[in-house]
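Spelled out, the chains give:
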Amino acid sequence: MESDFSEEEDVYDSDGWKPHDEQNSSSAGVHELATSRGFMYGWDETVASRGSQEVGSCLVEHLKAQAATANHIVMYSDACTGQNRNLKLPLYLLKLIGGRSISASIIDHKFMVSGHSYLPNDRDFASVENFARGKFMYEPQCWYNVILKCRKNNTFHFKRMQCEDFESVSKLEASITRRKKNLANGQVNWLKIQWIRLLKDRPFTILYKESLNEEIPFSELNIKPAKPGRNTSLHNVDQLLLHPNGREVTKAKKMDMLSLLAYIPPIHHSFYQNLQCQDEREEQEDLGPLEVVEAEEIADA
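Computed from a predicted model, the values in this text were never measured in an experiment. (Residues numbered from 1 in each chain as written. Predicted model: local features only at pLDDT ≥ 70, side-chain atom pairs only at ≥ 80, totals over all residues. Heavy atoms only, no water.)

Caption draft 1: Representation of helix H2 (residues 88-98) within the structure. In terms of burial, H2 is a largely internal element, nine of the 11 residues being buried. For H2, every residue scored as buried is listed here: Leu89, Pro90, Leu91, Tyr92, Leu93, Leu94, Lys95, Leu96 and Ile97. The inward-facing, buried residues of H2 abut helix H1 (52-66), strand E4 (72-77), strand E5 (106-111), helix H5 (170-174), strand E7 (195-199) and strand E8 (205-209). (Buried < 20%, exposed > 50% of the residue type's maximum accessible area, 1.4 Å probe, protein only. Helix = DSSP H or I, 4+ residues; strand = E, 2+ residues; numbered from the N terminus. Contact = heavy atoms within 4.5 Å.)

Caption draft 2: Looking closely at the pairing of E7. The element E7 is largely enclosed, with a buried count of four among its five residues. Taken together, the five bridges between E5 and E7 define a ladder with antiparallel strand orientation. Residue pairing in the sheet places Asp108 in a bridge with Arg197 of E7. Linking two consecutive strands that pair antiparallel, namely E7 and E8, is a turn of five residues. (Pairing = 2+ DSSP bridges.)

Caption draft 3: Quick peek at the packing of aromatic side chains. Taken as a whole and assessed by the stated rule, the structure comprises five aromatic pairs. Where Phe136 meets Tyr138, the ring centres are 5.7 Å apart and the plane angle is 20°; that geometry is what we call stacked. With a centroid separation of 5.1 Å and an interplanar angle of 35°, the aromatic rings of Tyr144 and Phe158 are classed as tilted. In this pair, Tyr144 sits in helix H4 (residues 140-149) while Phe158 sits in strand E6 (residues 157-160), placing the two residues 14 residues apart along the sequence. Here Tyr144 falls in the buried class, since its relative accessible area comes to 2%. Between Lys209 and the ring centre of Trp195, over which it is positioned, the NZ or CZ distance is 4.5 Å. (Phe/Tyr/Trp six-rings, centres within 6.5 Å; stacked < 30°, edge-to-face > 60°. Lys NZ or Arg CZ within 6 Å of the ring centre and 35° of its normal.)

Caption draft 4: Expanded view of the packing of H1 against H2. It is the contact of H1 with H2, at a shortest axis distance of 9 Å, that shows an interaxial angle of 25°. The orientation of H1 relative to H2 falls into the category roughly parallel. You can see that H1 and H2 cross each other, and the crossing is right-handed. Of H2, the residues touching H1 (which contributes Ser52, Gln53, Val55, Gly56, Ser57, Leu59, Val60, Leu63 and Lys64) are Lys88, Leu89, Tyr92, Leu93 and Leu96. Among the residues making up the contact of H1 with H2, the classes are represented as eight nonpolar, four polar and two charged. (Axes fitted to C-alpha atoms, helices over the stretch in contact; angles between N-to-C directions. Parallel < 35°, antiparallel > 145°, perpendicular 65-115°, else oblique. Left-handed = near helix turned anticlockwise from the far one by under 90°. Nonpolar A, V, L, I, M, F, W, Y, C, P; charged D, E, K, R; others polar.)

Caption draft 5: How the structure looks around the side chain of Asp108. Within the fold, Asp108 resides in strand E5. Side chain to side chain, Asp108 and His72 meet in a polar contact 2.8 Å long. Here the side chain of Asp108 touches Arg197 through a polar contact of 2.7 Å, side chain to side chain. Apart from residues no more than four positions distant in its own chain, Asp108 is found in contact with His72, Ile73, Val74, Met75, Trp195, Ile196 and Arg197. (Polar contact = N/O pair within 3.5 Å; in protein donor to acceptor, adjacent residues only side chain to side chain.)

Treat this as a map of the structure, not an account of what it does.
Written out as structure tokens, the structure reads:
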């Protein structure tokens, strides 16, 4: 199995190709090497962003649904530190493997060398981008339709992610001890890690190596909480939703997009008109009754 991430942007111009703010849509892709099936998980910026917590939530969603009975899961991905190669993603997977949602006892995550690898997931995203070429993407649903229609054979399995599908890593991070050195007192350099191994029977251990060579032994990073009395497994940690009420756009961005409605078919207008922004929410808050100030008090002031 391999995973990857892509971002699509909807850009509209009204006068001489003047740039405007765009509504961003994101998708995380998983390609099953054993079955050649492609899976896409999509959302827009009002639901979530595009960091490691979003990728982790999509992976957990996929593994629960598609790999629940596998004994050994092997994942390949690019080496993007912000989304894939960091502490957050192993925490999601340690919680998953420590519970009963999947049967796996081992999860291997291998990172390909940038510029020296080409995985089927790259071809999946190319299919989407090629089919979208020359088409107007007025709102996120347009991208979702492209994902569903871009192939006649071996079509993608698609899920539109909602706010309740994205979980925060904060409580998992609070349940461990961050250590910068492994058990051999060596420095842990996440930028150089190429292979991570997680084991069901070692709930607070991250095995890793800076090579894909089978013969090189794993180094061991212990993240067990230093204080006694904490959870004995990350599976017992109740995660919070990442954005329980969604994400708001800025008022300036909303106004910029609304200014382009004349160039967008009316059927798509409601998406932009219903966007929530921070300034609007504050304006809608009830301030309660205003204090009555007598004219004499004003004069005295």
